[in-house]
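Coordinate analysis (summary)
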Amino acid sequence: MSITVIGGGLAGLVAAYWASEAGLEVTLLEATNSFGGHTQTAKLDSILLEVGEESFGDLPHSLFGLCSRLGLEPQPLPALRRVVRKNGQDWALPQDLNLASGFGLHQVTKMPFSRSVKWRLGTERFIATAPVKDELLGDFFRRRLGPEVWDVLEPFISATLGGPAEEVSAPAAFGRLVALERQGGLLAGSRQLRPESSWHLVAGMGSLVEALSMYLLQRTRLLPKQEAWAITRDSRGWQVHLRGGSLEAEVVVLALPAPQAARVFRPSAPQLTTLLNHFPYLHSARVYLLYPRSELPLEPVEYFFARGEGYMSSALKLTHPTSQTTLARVQFAGETARFADSELSRLAQNEVAQLLQAKARPLAAWVFRQPHSRPHFTQGHARRIADLERELVHAPGLFLTGSYLAGPGLANLVEHSFQTTRRALDFLALST
Ligand SMILES: Cc1cc2nc3c(=O)[nH]c(=O)nc-3n(C[C@H](O)[C@H](O)[C@H](O)COP(=O)(O)OP(=O)(O)OC[C@H]3O[C@@H](n4cnc5c(N)ncnc54)[C@H](O)[C@@H]3O)c2cc1C
């Protein structure tokens, strides 16, 4: 039994891995000459620069387990002071705050809010549950915790999601928080939760891509520089059209971000193209600046900037990769992320100077721009997925995976890829 996976990013590599583990004949097509998609780690001597996400949470069948199977040992992400700058004031976030699960949220009561805000937080459990199903995240937080708390958390959430949190659907992006409100309120529910670590790989997320590629190289047909430009179906099954011919497949897993998946359907299934184009995506860019530690002597910290603070970036993180250096990671979103590399580098240096209130000269700068790289989980997300699934009923043997379907975070993506591969295996078993 054979399966063709289109897209060699993390979603595709994971789908190919599980299909191969199940004993299938696997072909993996990747348009570029390297695997990993947005999951890449650039290396400069001992300094690692993550191009995409750098940490992940824990879910069953998810990244943690997969890493162990591949001989990699995820480590807990080192604690870092996280600060929101809002109205010229610095608000230190609770140390273990994890909004994906809700852990640590009850500690907002210890933040220096006014007495009236604290009193409101004390009565949060008496607030009724959501009046609408697909509530905006801002409305959800304001309703439960009050506008003052939302104003402080919003820059952190926006930076984490890569775009304006105000536009996000609460159930689509933070389903576990929405579930908590039904279990006696966010703060009471958060108190009952067990801590959930965030993990990272010491050699970078690129080491996972390497390990998966090495595994697949020995067991599957890995085809780099093979862009699928269309897929069609005839009596023999699926035909995947490449520049130099076509491939036949019983089952196809399309592991591409929605805009790229939309392109593949344009020649044969324009209705799928239309539905996929309804998933909004955000631009993202990251600038890394390396400074001598003497020029940038601040302790490790991550700042999240509210609008109106005079910063163009959404977040600025400082770490010490060596005892002599400080690495600044400056994150841009939206239209700013589309600026030219030189402009982004200049802006990032200004951001550092503004934070430091003094000019500092970097030793080196790296710019990574990723247009349309981050799904934006806006209102109507669940309906968009339902519409897509309804259309896919007419395409037996075709399965889609990607962050836009999985929800935020790499752990969700890997879990979704695993579940999608399982559905593909069930389909093959039934059709045989
Ligand atoms: C800085 C940054 C932070 C991010 N943080 C988050 C986050 O917190 N939460 C979140 O959900 N997402 C986040 N993302 C989005 C992130 O890219 C995805 O979660 C994840 O990397 C998607 O993996 P993927 O395999 O689905 O897609 P990709 O990594 O985009 O891989 C797709 C692969 O398919 C290949 N390809 C494209 N078209 C074709 C074709 N026609 N034929 C063959 N191959 C093709 C591409 O070359 C690429 O290698 C972030 C992205 C960036 C850049």
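Chains are numbered independently. Their residues run from 1 in the order of the written sequence. At least 70 in pLDDT is required for a residue's local features to be given in this predicted model, at least 80 for side-chain atom pairs to be given and counted, and no such filter applies to totals for whole chains, interfaces and linings, which use all residues.

**Some points on the site of the ligand**
- Here, nearness is defined through the C-beta atom: a residue counts as near a molecule or strand if that backbone-placed atom lies within 6 Å of it. Surveying the vicinity of the ligand reveals 36 residues, the closest of which are Gly 7, Gly 9, Ala 11, Gly 37 and His 38.
- Where helices and strands are cited, they refer to DSSP runs of H or I of at least four residues and of E of at least two residues respectively, numbered from the N terminus. Secondary-structure elements contributing two or more residues to the shell around the ligand are helix H1 (10-21), helix H10 (258-265), strand S14 (281-292), strand S18 (364-375) and helix H15 (410-431).
- Among the elements that line the shell around the ligand, the one with the most residues is S18, at four residues.
- Classification used: nonpolar for Ala, Val, Leu, Ile, Met, Phe, Trp, Tyr, Cys and Pro, charged for Asp, Glu, Lys and Arg, polar for all others including Gly. Here the residues of the shell around the ligand are counted per class, giving 14 nonpolar, 17 polar and five charged.
- Looking at the shell around the ligand, you find at least three residues from each of domain 1 (2-36 + 62-73 + 208-280 + 377-431) and domain 3 (281-375). An automatic or database domain assignment provides the domain bounds reported here.

**Comments concerning the domain arrangement of the protein**
- Partitioning the protein into structural domains gives domain 1 (2-36 + 62-73 + 208-280 + 377-431), domain 2 (88-194) and domain 3 (281-375).
- Here domain 2 and domain 3 have C-alpha centroids that lie 27 Å from each other.
- Residues are scored as being in contact if the C-beta atoms we place from backbone atoms lie within 7 Å. Listed as interface residues are six residues of domain 2 and, on the opposing side, 11 residues of domain 3.
- Broken down by class, the residue content of the side of domain 2 that touches domain 3 amounts to three nonpolar, three polar and no charged.

**Some remarks on the sheet that holds strand S10 (residues 230-234)**
- Taken together, the three strands give an open sheet; going across it, the order is S10-S11-S12, and neighbouring strands pair in antiparallel fashion. Looking along the sheet, the strands with just one partner apiece sit at the ends: S10 and strand S12 (245-249). Across the sheet, the axes of successive neighbouring strands diverge by a mean angle of 30 degrees, strand direction being ignored.
- The rule for pairing is simple: two strands pair if DSSP sees at least two bridges between them. Pairing of S10 with strand S11 (residues 237-242), which is carried by five bridges, proceeds in the antiparallel orientation. Each bridged residue has a counterpart across the sheet, and for Asp 234 the counterpart in S11 is Gly 237. Axis angles are defined between N-to-C directions and span 0 to 180 degrees, where every axis is a line fitted to C-alpha atoms and, for a helix, only to the segment in contact.

**What about the packing of H10 against helix H11 (residues 270-277)?**
- Closest axis-to-axis distance for the H10/H11 pair is 8 Å, and the angle between their directions is 165 degrees. Looking at the two axes, H10 sits roughly antiparallel to H11. The handedness of the crossing between H10 and H11 is left-handed. From H10, Ala 258, Pro 259, Ala 261, Ala 262 and Phe 265 reach across to H11, where they touch Leu 272, Thr 273, Leu 276 and Asn 277.
- A class-by-class count of the residues in the contact of H10 with H11 yields seven nonpolar, two polar and no charged. Our angle categories are set so that under 35 degrees counts as roughly parallel, over 145 as roughly antiparallel, 65 to 115 as roughly perpendicular, and the remainder as oblique. In this scheme the crossing of two helices becomes right-handed for a clockwise turn of the near helix relative to the far one and left-handed for an anticlockwise turn of less than a right angle.

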